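Here are the chains, one letter per residue:
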Amino acid sequence: MSKTKGFFNILDAHFFSSAYKALSQGKVVEFKPKIKQETGITYDLFGIEVPEERLQYYRERGFLEVSDEISLPVCPICGEVCLHPLLLCPKCGSMNIEKKELMAHYDCGYIGPVEEFETREPGVYRCPKCKKTMNRVGIDYGRPGFGFTCKKCGSVFQVPLIEVECQKGHRNKIQTLDMEKYPVYRISPEVKKFAAIYYAIEELRKRLASLGVESEPFARIKGLSGITHTAPLYVNAKPAVIVDIVTEDFLDEKYLLGVAVKAVDLSDTITLLVLPRNVKSDFEKIFNPEKVKVFKVEDLMNSMDQIVNEILTLIGARLHEKT
Ligand SMILES: [Zn+2]
Ligand SMILES: [Zn+2]
Ligand SMILES: [Zn+2]
């Protein structure tokens with residue numbers, strides 16, 4: 001489990017830094033579902049293959065949004081998306097068929113692979129059925145292109161019977177396959193805000209963990225209203241502390257109002273709102289002081305110790321009490 005957690009930490013860092021870069025360059029980035037044999041549906045997340053659940057996880061947290069949907073065929077028996085086509089003889093159903101260039105003798109109507117018509121003389125062909133010599137292309141004989149011959153029953157055909165087999169071996173005709181919809185995702189403009197605080201959140205999580213305090217980055221918590229909120233860092237204590245950080249670039253009244261509303265909607269939690277030092281002080285009166293504690297910092301990454309200390313104070317522990 002910790003191994004998966006470690007992977008997701010690396011993945012998150014990769015995702016946020018890549019998404020931040022892409023957004024800064026004004027790029028539109030989309031993640032389309034891809035079928036991978038054995039694994040099923042995966043998405044290429046800036047060069048790393050991830051399962052759909054991870055993109056759903058990002059979408060729930062507002063990092064991604066659904067931009068489109070595509071439908072892919074799935075096995076109607078087991079729902080499997082990894083399918084491969086089987087080409088069969090339409091007469092006997094055998095898979096022992098070969099692709100050949102075909103030749104047709106107009107006189108008798110025989111069609112077969114070119115090599116059956118070849119003679120020792122180049123450019124001279126003889127029909128294997130009626131044994132007549134054929135000289136003039138378009139008059140005596142034609143070359144209809146590629147087709148198939150069945151090694152089992154000997155029939156010659158241009159279009160094979162196509163069936164589709166899933167990994168469990170269920171065979172279906174194309175018309176009987178089911179369709180399954182998969183979302184196409186793109187990074188949301190919101191990601192920039194989260195990317196800006198990702199490293200601070202991750203650093204806080206690590207420091208708290210070293211002090212024996214469990215916390216979860218970008219946790220989803222259900223409020224009294226039934227709405228699920230994203231907590232940038234959820235410190236699992238009594239009371240629980242939600243740490244939210246707003247950097248200067250993302251400071252806007254609407255977001256702060258959202259923090260105030262969120263804090264009231266989440267019972268038994270206190271929000272520690274970290275703001276830049278130069279924020280106007282009249283912002284603060286929108287917050288219920290029992291629910292939101294505002295903490296201003298000069299330089300975010302250099303204020304980690306103080307923020308950790310604030311968190312510990314809120315949960316009733318002190319840094320110096322832990323040895
Ligand atoms: Zn199946
Ligand atoms: Zn012939
Ligand atoms: Zn056959």
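Draft legend 1. Molecular detail of the sheet that holds strand S8 (residues 111-113). What the four strands build is an open sheet, ordered S8-S7-S11-S12; its pairing is antiparallel. At either margin of the open sheet sits one strand with a lone partner, and together these are S8 and strand S12 (156-157). Note that strand S7 (residues 97-105) and strand S11 (residues 141-150) share eight bridges and pair antiparallel. Bridge pairing links Lys99 to Phe148 in S11.

Draft legend 2. Looking closely at the domain arrangement of the protein chain. Looking at the assigned domains, one finds that the protein chain contains domain 1 (1-81 + 181-187), domain 2 (90-159) and domain 3 (190-323). With twelve residues of domain 1 in contact, the opposing surface of domain 3 contributes nine residues. Take the side of domain 1 that touches domain 3: its biggest share by element is seven residues, from helix H1 (residues 2-24). Tallied by class, residues from the side of domain 1 that touches domain 3 come to seven nonpolar, two polar and three charged.

Draft legend 3. The environment of Pro276, seen in detail. With respect to the helices and strands, the residue Pro276 is situated in strand S19 (residues 269-276). Note: C-alpha distance between Pro276 and Ile245 (31 residues apart in sequence) is 8.9 Å. Excluding residues within four positions of it along the chain, Pro276 makes contact with Thr247, Glu248, Leu251, Lys296 and Val297.

Draft legend 4. Representation of the sheet that holds strand S17 (residues 228-235) within the structure. If you trace the five strands from one edge of the open sheet to the other, you get S16-S17-S18-S19-S20, paired in mixed fashion. Edge positions in the open sheet fall to strand S16 (215-222) and strand S20 (292-297), since each of these has one partner strand only. Between one strand axis and the next, the sheet turns through 40° on average, direction left out of account. Alignment of S17 against strand S18 (residues 240-245), held across three bridges, turns out to be antiparallel. Paired with Tyr234 across the two strands is Ile242, which belongs to S18. With respect to the sheet, helix H6 (residues 304-314) is in contact with S17, S18, S19 and S20, its orientation differing from that of S19 by roughly 160°.

Draft legend 5. How the structure looks around helix H4 (residues 191-210). Given a rise of 1.5 Å per residue, 20 residues ought to cover 28 Å, and the 28 Å separating the end C-alpha atoms of H4 matches this to within 8%. At Ile197, H4 shows its maximal bend, which comes to roughly 45°. Within the span of H4, buried status applies to Val191, Lys193, Phe194, Ala195, Ile197, Tyr198, Ala200, Ile201, Leu204, Arg205 and Leu208. Downstream of H4 by one or two residues, Gly212 has phi in the positive range, about 80°.

Draft legend 6. Looking closely at the environment of Ile315. Inspection of the secondary structure assignment puts Ile315 in the segment after H6. What makes Ile315 partly exposed here is the crowd of 18 C-beta atoms within 10 Å. For Ile315 and Lys181, which are 134 residues apart along the polypeptide, the C-alpha to C-alpha distance reads 45 Å. Apart from residues lying up to four places away in sequence, Ile315 is in contact with Val235, Ala237, Pro239 and Val241.

Draft legend 7. Here's a closer look at the environment of Cys75. With respect to the element layout, Cys75 can be found in the loop between strand S5 (64-74) and strand S6 (83-88). The sequence separation of Cys75 and Ala19 amounts to 56 residues, and the corresponding C-alpha distance is 35 Å. Sequence-distant contacts of Cys75, defined by excluding residues within four places in its chain, comprise Glu80, Leu83, Cys166, His170 and Asn172.

Draft legend 8. Structural detail: the confidence of the model for the protein chain. Confidence in the prediction of the protein chain, expressed as mean pLDDT, is 89, and 96% of residues score 70 or more. Every residue in residues 318-323 is under pLDDT 50, and counting partners more than four places away or in other chains gives seven contacts.

Draft legend 9. Summary view of the nonpolar core. In terms of nonpolar packing, the biggest core is built from 48 residues, with Val235, Val241, Val243, Ile245, Leu272 and Ile311 touching the most fellow members. Residue contributions to this core reach at least three from each of two domains, namely domain 1 (1-81 + 181-187) and domain 3 (190-323). Beyond its immediate stretch of four places on either side in the chain, Val241 contacts Val235, Thr269, Ile270, Leu272, Ile311, Leu314 and Ile315. Counting residues in hydrophobic clusters, the runner-up holds eight residues, among them Leu102, Ala104, Phe117 and Cys127.

Here is what the cut-offs are and how they apply
- Residues numbered from 1 in each chain as written.
- Chains lettered and ligands numbered in written order.
- Predicted model: local features only at pLDDT ≥ 70, side-chain atom pairs only at ≥ 80, totals over all residues.
- Pairing = 2+ DSSP bridges.
- Helix = DSSP H or I, 4+ residues; strand = E, 2+ residues; numbered from the N terminus.
- Domains from an automatic or database assignment.
- Contact = placed C-beta atoms within 7 Å.
- Nonpolar A, V, L, I, M, F, W, Y, C, P; charged D, E, K, R; others polar.
- Axes fitted to C-alpha atoms, helices over the stretch in contact; angles between N-to-C directions.
- Expected span 1.5 Å × (residues − 1).
- Bend = angle between axes of the 7 residues up to and from the residue.
- Buried ≥ 20, exposed ≤ 12 C-beta atoms within 10 Å, placed from the backbone.
- pLDDT = per-residue confidence, 0-100.
- Core = buried A, V, L, I, M, F, W, Y, C linked by C-beta atoms within 7 Å.

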